[in-house]
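# Breakdown of the fold
Chain by chain, the residues:
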Amino acid sequence: MRLWHNRASPFVRKVRIAAREAVVAERIEEIEVMVSPVNVNSELAACNPLVKIPALQTDDGTVLYDSAVICEYLDGFNTGARMFPADQRRWQVLRLQALGDGILDAAVSRRYELAVRPPEYRWQGWLDGQMVKIRNGADVLEREVQDWGERFEIGQITAACVLGYLDFRFPEEAWRQLRPRLAAWYERIRHRPSVAATAPA
Ligand code: GSF
């Protein structure tokens, strides 16, 4: 399998953690690419029409995206605890992943507004609107983290990627200050081998 990736991407990190948890990381060749909404990467565009990472080419040549689809595909190789439960808990787990993905969408959008958009076009209302989603979402994680126990399913994987990305791109946000339970959880989970091996760079 071939993964179009970049270590800065929190969505790619979901896939790289899932690959380690499913014990298939050594079957994945990683192709590092730079991506930007305004500089189309033609090699990536030939495989993923959305020109986004992660994208995974499977052994039969199929190209999968987005991160949720790729992670569930990799879970199919998993002989240990599944990251995507098949029982009635599935909807709770998918909703937690969607919460984390939504926080990441807002955080990446904020990053692009600050790092890609020319300063003279920067829209403070847009930046503020994304931060509302990030903070509201992190507050829900703080309320729900006590229910997670030792689970490390796709919802927790995505939450770890959220918190690592906030530290990486928005350290001034200081998300831990008002979220002590989430901070304690992340202080433990960030040392988990699959999480520690995929820290953003
Ligand atoms: C989002 C991927 C994404 O936005 C997923 O995989 O879950 N729903 C998708 N990736 C960004 C890179 S990032 O994670 O920072 C991306 O590819 N941006 C390039 C672009 O054209 O937006």
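Everything numeric here is computed off the predicted structure, so don't read it as measured data.

Turning our eyes to something else, we now look at the packing of aromatic side chains. A complete count under the given rule lists five aromatic pairs for this structure. Arranged with centres 5.9 Å apart and planes meeting at 75°, the rings of W175 and Y186 form a pair that is edge-to-face. On the criterion of sequence distance, the pair formed by W175 in the loop between α6 (154-169) and α7 (180-189) and Y186 in helix α7 is long-range, its members being 11 residues apart. Residue classification places W175 among the buried residues on the basis of a relative accessible area of 2%. The lysine or arginine in question, R90, covers the ring of W91, its NZ or CZ lying 5.7 Å from the ring centre.

Let us now look at the site of the ligand. Inspection of the region around the ligand gives 14 residues, with S9, I53, D66, S67 and Y112 positioned closest. The contact in question runs from an oxygen atom of the ligand to an N or O atom on the side chain of S9, over 2.7 Å. For the ligand, whose unbound accessible area comes to 530 Å², protein coverage reaches 87%. For the ligand, the cavity whose grid points lie within 2 Å of the majority of its atoms is the largest pocket. Of all the secondary structure elements, the ones that give two or more residues to the shell around the ligand are α1 (10-21) and α4 (90-115).

For the rest of this paragraph, the subject is the pattern of salt bridges. Two side chains with opposite charge may pair up if their charged atoms get near one another. One pass over the full model with this rule turns up 14 salt bridges. A salt bridge links E21 to R192; the shortest N-O distance between them is 2.8 Å. With E21 in helix α1 and R192 in the loop between α7 and α8 (193-196), the pair connects residues that are 171 residues apart, well separated along the chain. A relative accessible area of 29% places R192 in the partly exposed class. With a closest N to O distance of 3.9 Å, R181 and E142 form a salt bridge. Within this pair, whereas R181 is found in helix α7, its partner E142 is found in helix α5 (residues 124-144), the two being separated by 39 residues in sequence.

Time to look at the sheet that holds strand β1 (residues 2-5). Ordered in space as β2-β1-β3-β4, the four strands form an open sheet in which the pairing is mixed. Here the strands that pair on one side only, and so sit at the sheet edges, are β2 (29-32) and β4 (63-64). As judged from the two bridges shared by strand β3 (residues 55-57) and β4, these two strands associate in the antiparallel manner. Counterpart to L56 in the pairing with β4 is L64. Against the sheet, helix α3 (residues 67-75) contacts β3 and β4, and its axis sits at roughly 40° relative to β3.

We now examine the packing of α5 against α7. Axis angle and axis distance: for two packed helices, these are the angle between their axes and the distance between the axes, and together they describe the pair. It is the contact of α5 with α7, at a shortest axis distance of 8 Å, that shows an interaxial angle of 75°. The angle between α5 and α7 places the two elements in the roughly perpendicular class. Residue-level contacts link A138, L141, E142 and R143 of α5 to P180, R181 and L182 of α7. For the contact of α5 with α7, a count of residues per class yields four nonpolar, no polar and three charged.

The next point concerns the nonpolar core. Formed by 58 residues in total, the largest nonpolar core has its most connected members in L74, L141, W148 and W185. When residues of this core are traced back to their parent elements, those giving at least two are β1, α1, β3, α3, α4, α5, α6 and α7. With residues near it in sequence (within four places) discarded, L141 still touches L96, L99, I103, W148, A159 and L182.

Reading the values: the criteria
Residues numbered from 1 in each chain as written. Predicted model: local features only at pLDDT ≥ 70, side-chain atom pairs only at ≥ 80, totals over all residues. Heavy atoms only, no water. Phe/Tyr/Trp six-rings, centres within 6.5 Å; stacked < 30°, edge-to-face > 60°. Helix = DSSP H or I, 4+ residues; strand = E, 2+ residues; numbered from the N terminus. Buried < 20%, exposed > 50% of the residue type's maximum accessible area, 1.4 Å probe, protein only. Lys NZ or Arg CZ within 6 Å of the ring centre and 35° of its normal. Near = heavy atom within 4 Å. Polar contact = N/O pair within 3.5 Å; in protein donor to acceptor, adjacent residues only side chain to side chain. Areas by Shrake-Rupley, 256 points an atom, 1.4 Å probe, with all protein chains shown as cover. 1 Å grid on protein atoms, 1.4 Å probe; cavity = no way out; pocket = protein on both sides within 12 Å on 5 of 7 lines; lining within 4 Å. Sits in = over half its atoms within 2 Å of the grid points. Salt bridge = Lys/Arg side-chain N within 4 Å of Asp/Glu carboxyl O. Pairing = 2+ DSSP bridges. Contact = heavy atoms within 4.5 Å. Axes fitted to C-alpha atoms, helices over the stretch in contact; angles between N-to-C directions. Parallel < 35°, antiparallel > 145°, perpendicular 65-115°, else oblique. Nonpolar A, V, L, I, M, F, W, Y, C, P; charged D, E, K, R; others polar. Core = buried A, V, L, I, M, F, W, Y, C linked by side-chain atoms within 4.5 Å.

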